[in-house]
Structures are given as C-alpha cells and as structure tokens.
Amino acid sequence: MKSLLKTLSRMPLAISLCLIVTALTVKAQDAKIQMAHLDHLASRANETVDVNIDERLIQLAAKIFNDKDEDEAQIKKLVVGLKGIYVKSFEFDNDNEYSAADIDSIRSQLREPAWSRLVNVTSKREGNVEVYISLGGPQINGLVVISAESKELTVVNIVGPVDLEKLAKLEGNLGIPELGIKPAKQKKEEQ
Amino acid sequence: MRRKVSTGISIALLLTSLCVSAAHAKGDDFNSVVRMIEQFYNVKHEGIPFLAKAGLKVVGAAARIKGGEVRRLAEAGSIKIATFEDQAFDGDFTEFRKSLNSSMVQTWSPLVQTVSATDGEQNYVFVREKGDKFSVIVVNISPRDAAVVQATLSPKNLALLMKDPEEGGKALRQEAIIDQE
C-alpha cells in the first residue's frame, strides 16, 4: 500500500515530465512541414527531386565531413544540431505548371506566431524566393525556403537550429539545392 | 453458432494474412520490388550480361564519391542485384513511384528519390537500420534498363552514399555486378 501511495505521489511529476518531453518533441516537430501536397506535380515535371533525411541519418552523415578541412568542419558543426532535411524540387518544361494553391499549401503552414518571414533576402535564382524561420525561444528551430520560378518550384525544410548564413554553407550538401541565398538583415515581416 | 465459427475463421485468416504480409514486407522487400517492376512494366529480370561484367572489370568496382578516396561501399557478401536489360520501361512513373513508396513505407525510409521525365530516369534509395549497420535498396530505372540492388552498409559508408546518392547508387550497382561473377 505504501509503495502504491509512493507511486501515486510520484505520478504527477512523471506525468508532468512526460508532458514537458512531449511538448518539446512537438515543438521540434512543429518546424517540420507537410509537403506531400506537392507530390501531384511530379506527373507534370521534367525533373523531380525528393529528399528525406531524418535526425538519425543526419547524425550519420555528419560523421563523413572531415574535421581537418575548414569548410567541411564548418558543415559538420552545422549538421550535428539538425533534426531533419526535407527537399522537394520540380522542374517543368512550360510555365504555369504549378498553381498558387500549391504554394499556398506550404505557406498556410507558415503562419505567425510560430513562423516569421524574412524579408530583404536575395537569391541568385530568378523568380520569387521566400524564407521563413520558426523560433523556439531565442533560437531558430526551423527554416523553410520556397523558391518559385516560372518553370521551377523548390521547397526546402530544415528542422533544427539553422539560419541563412548556415544554409548558404549547406547548399550543395545532403540534397540541399544551390539556392544562392544571401543573408541579409533578418527583419520580420508581418503576415 | 455457425456464424460465430465462420467469423472466427475469417478473423484468423485476416490475422494470418496480415502477419504473412508484414513478414513478407520486412523479410524480402528486394524480391517484392523486383516483382513490382516486372508486373508494372511487364518486363523480366535476368542475369548479368557478359559485356557489362567485362566493362566493369576494366573500370573497377570501387566507388569514388565527390572526389573522395576510392572505396567499396557494401559489406562483403551482402549485395543482391536484379537487372533488366534492353526492355521497354513505358508506364506512368508517378503511379510506379506511388506503388513503390506505399509498399516500402512500413519498413523502409525513402532517403532520396529523383525522377526525370526528360531522360526517363528514376532513382530511388531506401534505407533501414540493420543492427549497427544499415540496409539500403537502390532502384534505378532508365527507358531501356533497370536494376535493383540491396546491400548492407556500415554507418560510414551510408553517410558516404548520402553525400552523393546518385554516384553511390551507381557504385553499388557496379560492386554488385562484379560480386556476381
């Protein structure tokens, strides 16, 4: 009986801990967006790229970067903290193969206050490039880039602590395309 | 009473079929993928063509990924390969991709998938943990050829494959062909 009471007295703490852990997990997962809505574009696209690298695989990939090489060491440092890299990219023969609704299916998940759009972002790519960050306290816990050109649509979702400067270094690695995004003043734009 | 018995039998059959399909999915996905390609594209897999063997012997089996050192990726004796040579792979690749993903999603993680309608090329890399190592299934389909490779990789070599999945996939295919000799 005593042990039962003891167990019961500990329950609230255990439940609280569970709730905190769950909340933290959910928070981290919040930065992962759903991109499956875009899959139908594959039938119209010339080229389709779909990358899904979860935390476990990222940690593995991090091991391959050479600490002795300055660039690789930097990439490794960035990659170690990440929880996921997800990319969908479609290249089309003709204009207007994707619709505003396709982009809205992504944008609708990137609403304030969880997400903020960064303005004054420049990219070597033509068309419209939108960058969104998800803030978990003082730290960024996710980033989404939507690059919408007339014949190309790319969405990159990085889950974990990353910013634009870091993204630039990750481009061309682990399935992240060359977006040519230059870090600018990180102003927030009201949606 | 008869109804109860027949319901019981139905449930037992359903459970058995679920267990069998789950075991099948986990145990022999390589053959499932090969069969799926055969059924979807109405093609037949075959042995390794002599010319391919000869050509690869000259080139060498090892992979050079992103300018890195030349090395083998797969653990010794772990590779399975099925090839399809000079057959027509006409069909809706979006449907194929959908079928492939839905059959693999329970036990494998889709790592990288690239599809080119222009070249008629499809590349799929699936991965799952296997003890302290990893199993990968690489599917490559071109307009006239295809290959399915399954191999066990060390974490380090999986990381290498992830760095350049396309080259890594080709390297595994080469290794598999030479291992079949």
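Up top is the structure these notes are about.
Residues numbered from 1 in each chain as written. Chains lettered and ligands numbered in written order. Predicted model: local features only at pLDDT ≥ 70, side-chain atom pairs only at ≥ 80, totals over all residues.

Visitor: What is the right way to look at the overall build of chain A in this model?
Guide: Scanning chain A from terminus to terminus reveals five helices and nine strands. Scanning chain A from its N terminus toward the C terminus, one meets helices and strands in the order α-β-α-α-β-α-β-β-β-β-β-α-β-β. With 191 residues in all, chain A has 32% of them scored as buried. Across chain A, the fraction of contacts at a sequence separation of at least 24, relative to all contacts at a separation of at least 6, is 63%. (Helix = DSSP H or I, 4+ residues; strand = E, 2+ residues; numbered from the N terminus. Buried ≥ 20, exposed ≤ 12 C-beta atoms within 10 Å, placed from the backbone. Contact = placed C-beta atoms within 7 Å.)

Visitor: Could you clarify how one ought to interpret the overall build of chain B in this entry?
Guide: Per the secondary structure count, chain B includes six helices and seven strands. Secondary structure of chain B in N-to-C order comes out as α-α-α-β-β-β-α-β-β-β-β-α-α. Within chain B, the fraction of its 181 residues that count as buried is 35%. Considering only contacts in chain B between residues 6 or more positions apart, those separated by 24 or more positions represent 65%.

Visitor: Looking at this model, I keep getting lost on the packing of helix H2 (residues 29–41) of chain B against helix H4 (residues 93–104) of chain B. Mind explaining?
Guide: For any two helices packed against each other, the geometry comes down to the angle between their axes and how far apart the axes lie. All names here are of chain B. At a minimum axis distance of 11 Å, the contact between H2 and H4 shows a crossing angle of 160°. When the axes of H2 and H4 are compared, the pair comes out roughly antiparallel. Between H2 and H4 lies a crossing whose hand is right-handed. Here Asp29, Ser32, Val33, Met36 and Phe40 of H2 come into contact with H4, specifically with Phe96, Ser99, Leu100, Ser103 and Met104. For the contact of H2 with H4, a count of residues per class yields six nonpolar, three polar and one charged. (Axes fitted to C-alpha atoms, helices over the stretch in contact; angles between N-to-C directions. Parallel < 35°, antiparallel > 145°, perpendicular 65-115°, else oblique. Left-handed = near helix turned anticlockwise from the far one by under 90°. Nonpolar A, V, L, I, M, F, W, Y, C, P; charged D, E, K, R; others polar.)

Visitor: Is there a simple way to think about the environment of B:Asp119 in this case?
Guide: All names here are of chain B. Position of Asp119 relative to the elements: it lies in the loop between strand S4 (109–116) and strand S5 (121–130). Take Asp119: there are 11 C-beta atoms within 10 Å of it, and that puts it in the exposed class. For the pair Asp119 and Gln150, spaced 31 residues apart in the sequence, the C-alpha separation amounts to 24 Å.

Visitor: Before we go on, may I ask you to explain the interface of chain A and chain B in this structure?
Guide: Accessible area lost during the coming together of the parts is what is often quoted as the interface size. With 19 residues of chain A at the contact, the number on the chain B side is 19 residues. Every element with two or more residues in the side of chain A that touches chain B is listed here: strand S1 (47–54) and helix H2 (55–62) of chain A. Tallying contributions element by element places S1(A) first for the side of chain A that touches chain B, with eight residues. Among the residues making up the side of chain A that touches chain B, the classes are represented as 10 nonpolar, five polar and four charged.

Visitor: Would you take a moment to explain the environment of A:Glu152 for this structure?
Guide: Residue and element names in this part refer to chain A. Structurally, the position occupied by Glu152 is in strand S7 (residues 152–159). A tally of 20 C-beta atoms within 10 Å means that Glu152 is categorised as buried. Distance from Glu152 to Gly127, taken between C-alpha atoms, is 9.1 Å for residues 25 residues apart in sequence. Setting aside anything within four residues of it in sequence, one finds Glu152 in contact with Phe90, Glu91 and Phe92.

Visitor: What am I meant to see in the pairing of S4(B) here?
Guide: In summary, the side chains of a regular strand alternate between the two faces of the sheet. Pairing of S1(A) with S4(B), which is carried by five bridges, proceeds in the antiparallel orientation. Of the residues in S4(B), the one forming a bridge with A:Val49 is B:Thr114. Relative to S5(B), S4(B) runs antiparallel, the two being bridged by seven bridges. Residue B:Pro110 lies in a different strand from S5(B), and its bridge partner there is B:Phe126. In sequence, S4(B) turns back onto S5(B) through a hairpin of four residues, with B:Gly120 there showing a positive phi of about 70°. (Pairing = 2+ DSSP bridges.)

Visitor: What should I look at first to understand the packing of H2(A) against helix H3 (residues 70–80) of chain A in this one?
Guide: Residues and elements named next belong to chain A. Where H2 meets H3, the axes come as close as 9 Å, and the angle between the chain directions of the two elements is 160°. As far as their axial angle goes, H3 and H2 are roughly antiparallel. Remark: the crossing between H2 and H3 carries left-handed chirality. Facing Ile58, Ala61 and Ala62 of H2, the residues of H3 in contact are Lys76, Val79 and Val80. Class assignment of the residues belonging to the contact of H2 with H3 gives a composition of five nonpolar, no polar and one charged.

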